[in-house]
Amino acid sequence: MIETLIGIIGATLRISTPLVFASLGEVITERAGMLNLSIEGTMYTGAFVGITVAAQTGSLTTGLIAAIIAGAIVGCVMGFLVVTLGVNQHVAGLGLTLLLISASNTANRILFTNKDGMVRVDPWKPFDFAGPIFSQYWLTYAAFLILAPALWWLLWRSGIGIRIRAVGENPESADVAGISVARTRYFALALGGALMAAGGAFITLAFLGSFTINIINGRGWVAIALVIFGRWGIWRTVSGALLFALVSATQQQLRLVPALSHLPFEILLALPYLAVIAGLAITGRNVPYPGAYLKPYRRL
Amino acid sequence: MKLRIALRANRPWWLSPVLIAIAIILTFIISSAMIRWAGANPFAAFKYLLGSPLQSKFGITEAILSATPLVLTGGAVALAFRAGYWNIGAEGQLLAGAICATVVGLHADGMPHWLGIILVVIAGAVGGMLWAFVPALLRSRLGIDEVVTTLLLNPVALLVVTGLLNGPWRNPETQFPETKVLSENIFFPKVYPGSRIHLGLIIGIVALAVCWWVVGRTAGGLKMRAVGLAPGAARIAGLKVEKTLFTTALASGAIAGIAGAGEVAGVAHQLTDGISPGFGYTGVVVATLAALSFPAVLLIAFVLGIINVGSFSASRALSIPSTIGEVVQAVLLTTVVSALVFMKYRIVLDKGKHRD
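Bear in mind that the values here come from a model prediction, so they are computed numbers and not experimental data.

Q: Explain the overall build of chain A here, please?
A: Along the backbone of chain A there are 12 helices and 0 strands. Since a compact globule built from 300 residues should have a radius of gyration of about 19 Å, the 19 Å found for chain A is in line with a globular shape. Within the span of chain A, comprising 300 residues, buried residues form 57% of the whole. The contacts in chain A between residues at least 6 apart in sequence include a share of 79% that link residues at least 24 apart. Surface summary for chain A: the accessible area is close to 11900 Å², and the carbon and sulfur share equals 67%. If you average the places of the 19 positive and of the 11 negative side-chain charges in chain A, the two averages end up 7 Å apart.

Q: How should the pattern of salt bridges be read in this particular structure?
A: A side chain with one charge can pair with a side chain of the opposite charge if their charged atoms come near. Tallied over the entire structure, the rule returns 4 salt bridges over all chains. Between Asp122(A) and Lys125(A) there is a salt bridge whose closest N-O contact spans 3.7 Å. For the pair Asp122(A) and Lys125(A), a shared accessibility class is recorded, and that class is exposed. Linking Arg139(B) and Glu146(B) is a salt bridge whose minimum nitrogen-to-oxygen distance equals 2.8 Å. For Glu146(B), a relative accessible area of 2% corresponds to the buried category.

Q: Please explain the interface of chain A and chain B as it appears in this structure.
A: Many authors give the size of an interface as the accessible area that is lost as the parts come together. If you look at the interface, chain A gives 44 residues, while chain B gives 46 residues. Carbon and sulfur atoms make up 77% of the area that chain A and chain B hide from each other, which totals about 4000 Å². One can count 0 salt bridges joining chain A with chain B. Seen at the junction of chain A and chain B, the total is 4 residue pairs in polar contact (both at pLDDT 80 or more). Listing elements by their share of the side of chain A that touches chain B, those giving two or more residues are helix 3 (60-84), helix 4 (89-113), helix 10 (219-229) and helix 12 (265-283) of chain A. Ranked by residue count, the leading element in the side of chain A that touches chain B is helix 4 of chain A, at 14 residues. The class makeup of the residues in the side of chain A that touches chain B is 28 nonpolar, 11 polar and 5 charged.

Q: In this structure, what is going on with the packing of helix 7 (residues 199-217) of chain B against helix 12 (residues 294-318) of chain B? I would like to understand it.
A: Pairs of packed helices are described in terms of their axes, by the angle between the two and the distance that separates them. All names here are of chain B. Taken N-terminus to C-terminus, the directions of helix 7 and helix 12 make an angle of 150 degrees; their axes are 8 Å apart at the nearest point. What the angle tells us is that helix 7 and helix 12 run roughly antiparallel. Judged by residue contacts, Ile205, Leu208, Cys211, Trp212 and Val215 of helix 7 engage Phe294, Pro295, Val297 and Leu298 from helix 12.

Q: Any chance you could explain the UniProt feature "transmembrane region" (unreviewed entry) in chain A here in plain terms?
A: Residues and elements named next belong to chain A. When the UniProt feature table is mapped onto this chain, "transmembrane region" (unreviewed entry) is found at residues 6-29, 41-58, 64-87, 94-113, 133-155, 186-209, 221-247 and 259-282. Structurally, residues 41-58 comprises 94% helix and 0% strand, and the distance from its first C-alpha atom to its last is 25 Å. Annotated as 75% helix and 0% strand, the span residues 259-282 places its first and last C-alpha atoms 31 Å apart.

Q: So what exactly am I meant to see when it comes to the UniProt feature "transmembrane region" (unreviewed entry) in chain B here?
A: Residue and element names in this part refer to chain B. The UniProt record marks residues 12-38, 58-81, 88-108, 114-138, 150-169, 197-215, 279-307 and 327-345 with the feature "transmembrane region" (unreviewed entry), using the residue numbering of this structure. The distance from the first to the last C-alpha atom of residues 12-38 is 40 Å, and the span holds 85% helix and 0% strand. For residues 58-81, the helix share is 100%, the strand share is 0%, and the end-to-end C-alpha distance is 34 Å.

Q: Where do I start with the packing of helix 1 (residues 2-31) of chain A against helix 11 (residues 234-254) of chain A in this structure?
A: All names here are of chain A. Here helix 1 crosses helix 11 at 140 degrees, and the two axes come no closer than 7 Å. For the element pair helix 1 / helix 11, the angle class is oblique. Crossing angle aside, the handedness with which helix 1 passes helix 11 is right-handed. Split by residue class, the contact of helix 1 with helix 11 holds 16 nonpolar, 9 polar and no charged.

Q: How should helix 1 of chain A be read in this particular structure?
A: Residue and element names in this part refer to chain A. The terminal C-alpha atoms of helix 1 lie 40 Å apart, and with 30 residues this matches the ideal 44 Å at 1.5 Å per residue to within 8%. At serine 16, helix 1 shows its strongest bend, of approximately 35 degrees, with the proline proline 18 following within four residues. With 21 of 30 residues buried, helix 1 is to be regarded as a mostly interior element. Directly after helix 1, the chain includes glycine 33, whose backbone phi takes a positive value near 95 degrees.

Q: Could you clarify how one ought to interpret the environment of Ile25(B) in this entry?
A: Tracing the backbone through its elements, the reader meets Ile25(B) in helix 1 (residues 15-37). As a C-alpha pair, Ile25(B) and Lys223(B) span 198 residues in sequence and 38 Å in three-dimensional space.

Q: Whenever I open this one, helix 3 of chain A confuses me. Can you help?
A: Along an α-helix, residues three or four apart share an orientation, since each turn contains 3.6 residues. Given a rise of 1.5 Å per residue, 25 residues ought to cover 36 Å, and the 35 Å separating the end C-alpha atoms of helix 3 of chain A matches this to within 8%. Backbone geometry just downstream of helix 3 of chain A places Gly86(A) in the positive-phi region, at approximately 75 degrees.

Q: Help me understand the side chain of Glu266(A), please; the structure alone is not making it clear to me.
A: Looking at the element boundaries, Glu266(A) is found in helix 12. One buried charge, Glu266(A), has no salt-bridge partner; the nearest side chain with opposite charge is Arg170(B), at 7.5 Å. Beyond its immediate stretch of four places on either side in the chain, Glu266(A) contacts Leu159(B), Thr162(B), Gly163(B) and Asn166(B).

Q: Teacher, can you tell me more about the side chain of Thr140(A) here?
A: Relative to the helices and strands, Thr140(A) is located in helix 6 (residues 138-157). Apart from residues no more than four positions distant in its own chain, Thr140(A) is found in contact with Leu13(A), Thr17(A) and Phe202(A).

Q: Just to check I follow, could you spell out a nonpolar patch on the surface for this structure?
A: The grouping of Trp13(B), Trp14(B), Val18(B), Ile22(B), Ile25(B), Leu26(B), Ile29(B) and Ile30(B) at the surface amounts to a nonpolar patch, some 840 Å² of accessible area in total. Topologically, Leu26(B) is positioned in helix 1.

Q: So what exactly am I meant to see when it comes to the packing of aromatic side chains here?
A: Where two aromatic rings form a pair, the distance of their centres and the angle of their planes describe that pair. Summed over all chains, the structure comprises 13 aromatic pairs over all chains. Relative to Phe211(A), the ring of Tyr44(A) has its centre 5.6 Å away and its plane inclined at 85 degrees; by these criteria the two rings are edge-to-face. You can see Tyr44(A) sitting in helix 2 (residues 39-57) and its partner Phe211(A) sitting in the loop between helix 9 (181-208) and helix 10, a full 167 residues away along the chain. The same class applies to Tyr44(A) as to Phe211(A), namely buried. An aromatic cluster is present here, built from Tyr44(A), Phe48(A), Phe112(A) and Phe211(A) joined pairwise through their rings. Positioned above the aromatic ring of Phe229(A) is the side chain of Arg236(A), whose terminal nitrogen or guanidinium carbon lies 6.0 Å from the ring centre. The cationic tip of Arg298(A) hangs over the ring face of Tyr345(B); the distance from NZ or CZ to the ring centre is 3.7 Å.

About the cut-offs
Residue indices begin from 1 for each chain and proceed along its sequence in written order. Chain letters and ligand numbers both follow the written order, the letters beginning at A and the numbers at 1. In view of the model being predicted, local features appear only for residues whose pLDDT reaches at least 70, and side-chain atom pairs are presented and counted only at 80 or more, with totals across whole chains, interfaces and linings using the full set of residues. To get the side-chain values, all heavy atoms of the structure are used, and hydrogens and water are removed first. The secondary structure listing takes helices from DSSP runs of H or I that are at least 4 residues long and strands from runs of E that are at least 2 residues long, numbered from the N terminus. Atoms considered for the radius of gyration are the C-alpha atoms alone. The globule rule reads 2.2 Å times the number of residues to the power 0.38. Relative accessibility decides the category of a residue: with a 1.4 Å probe and only protein chains considered, values under 20% of the type maximum give buried, values over 50% give exposed, and everything between is partly exposed. Two residues qualify as a contact provided that any one of their heavy atoms is within 4.5 Å of a heavy atom in the partner residue. Per-residue and other accessible areas were derived by the Shrake-Rupley procedure at a 1.4 Å probe size, with only the shown protein chains allowed to occlude residues. Charge counting follows a simple rule: Lys and Arg are positive, Asp and Glu are negative, and His as well as the terminal groups are ignored. To locate a charge, the coordinates of NZ of Lys, CZ of Arg, CG of Asp or CD of Glu are taken. Each salt bridge in this description consists of a side-chain nitrogen of Lys or Arg and a carboxyl oxygen of Asp or Glu lying within 4 Å of one another. In this description, buried area is defined as the sum, over both parts, of the accessible area (probe of 1.4 Å) that is lost when the two are combined. Polar contact criterion, stated in full: a pair of N or O atoms within 3.5 Å, where within protein one must be able to donate a hydrogen and the other to accept it, and residues adjacent in sequence count only if both atoms are side-chain atoms. Under the grouping applied here, Gly and all other residues not named as nonpolar or charged are polar, the nonpolar ones being Ala, Val, Leu, Ile, Met, Phe, Trp, Tyr, Cys and Pro and the charged ones Asp, Glu, Lys and Arg. Note on geometry: axes are C-alpha line fits, over the in-contact stretch for helices, and angles between N-to-C directions span 0 to 180 degrees. Any angle between 65 and 115 degrees counts as roughly perpendicular, while under 35 counts as roughly parallel, over 145 as roughly antiparallel, and the rest as oblique. UniProt positions are given in the numbering used here, feature names are shortened, and annotations may be inferred rather than shown by experiment. By definition, any crossing whose near helix is turned counterclockwise from its far helix by less than a right angle is left-handed, and any crossing with a clockwise turn is right-handed. One fewer than the residue count of a helix, multiplied by 1.5 Å, yields its expected span. Think of it this way: the bend at a residue is just the angle between two axes, each fitted to seven residues, one set ending at that residue and the other starting at it. Patch members must show over 30% relative accessible area and no salt bridge, and they are joined within 9 Å when carrying like charges or within 5 Å when they are nonpolar side chains of Val, Leu, Ile, Met, Phe, Trp or Tyr. Here the aromatic set is Phe, Tyr and Trp, taking the six-membered ring for Trp, and pairing holds for ring centres within 6.5 Å; pairs whose planes are under 30 degrees apart are stacked, those over 60 apart are edge-to-face, and all others are tilted. Geometrically, a charge over a ring is one whose NZ (Lys) or CZ (Arg) sits within 6 Å of the ring centre while staying within 35 degrees of the ring normal.

Now the structure itself:
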């Protein structure tokens, strides 16, 4: 019993890692007043670019860095669409997601599946010490111990954070105060995109060591829900990611319970998604969206 | 000197065709990069993508067949977007419609053919509506963002499909995760001899016509458009914004669900986990490219149907991945929405020393 519990806690931390990266990336973006629906495609691209570069160079770290750069570039493309041009953010984000997923799948076929099958790398191993809870990947440690505090500091204690929140709440005032709305929003999108791609790369470079189609499977949409659940705060969003991962880890354990083995495992797989929707239904009423959410800013 | 974007005072007649042409040229250039990388000549690839389906009667009918679900999902998305309800769950609603249609198909032995067809269409609509119900309720009662909830229910719908196919509906003969071939009493009749075009196309066109009439010509449609354009003003004017959103969301779900029923009863004649290769998401592309106009949905669905069929010819002839068709569609969406910004705005060049 205790062992199962410890196993669930260990798995929770592991499963939550890509969601922590991605949802914190979305927090930064939305704090600057933009919904980034390209998150699903950016994670997908991160997963693909990460493993591809890692396989070509033989270095997992190089793969991760390449994924991060790719994510930042995607963020800038999103910036061109929604900041410079002011395209509807739902359409731009979803269009980019469709583009990135189909382009990654096409590249995967050109590079790998049309030739010698599948791209594989030897993935990162978790540290092995002090029992299952602390035997985690270095990226998991990085997410909770470095990334989340650093982003909290960035958002609430740094000048950049003030500018991000200002252009997200009231871009007119920010502009009058001498803050470049466009530059700040580009920065938020690039940083957010880099984090989303890192989350995707974690899945291929640490979890799996391989790439399959549909690898993100809605995790990006979950991350967006977690941001609303977390009310655009760093720690509440991290807690949301942990709760989601807890449901996921629990359903993985439940699948091993003999009494439940006749239950279709798909029901259990659907459970985390339904839990997120239920969570939103309970806590998502009258949430304070950033003031300039979804509104392009033009100085006319 | 500095470039900036300013409101456009007038809109000359040649503007929109020129912008569309620019978007198409940009799409060609951007897609060419990927096609060249795949090892093919972009001109040859586009000749296959756009040209080869139009060269034979078979190609044209296959493109129309491929456009059929897109007519319905595109119409469903356009309807919801018109009311400002961001239904991005057409994929899940389509799958729910396909599941309910399959239920009818599994129990239709001994039923008259006409009754089977009516029931399967109703089942599809009910399935799509049920799947749209929870996000619609959460939005209209609690104000919870429908973008997230409709998106999250898409993977859930696929899990329900695979759960049914791996469990109670597994084909007893082949043991494959697909249902047995359903009762012939629900099969949609072919509407054009010698082709696979089925009743779903007619239903799709009728659905578009009804949407066009309701949205453009009735009081309810006027309310819907008002809610979509200015929800705050609509509320002050005494319109029941939430009720309008709820109704529109259910109608949108029903139309998407019928698309699923059409794929089951018109094409596959069974339920498989590949029943929809993303028709719901492509519906968003169709609706957006059509600028949410219902007649244009029909045209755009046909164009994307051509690309779908053409991507397979291009893949066979030039041995490039068939997913290149999806890339072209997504690039086209991005360039068109970017180009259309300049319908309302123009780029001006600030010379001089004055600060703006």
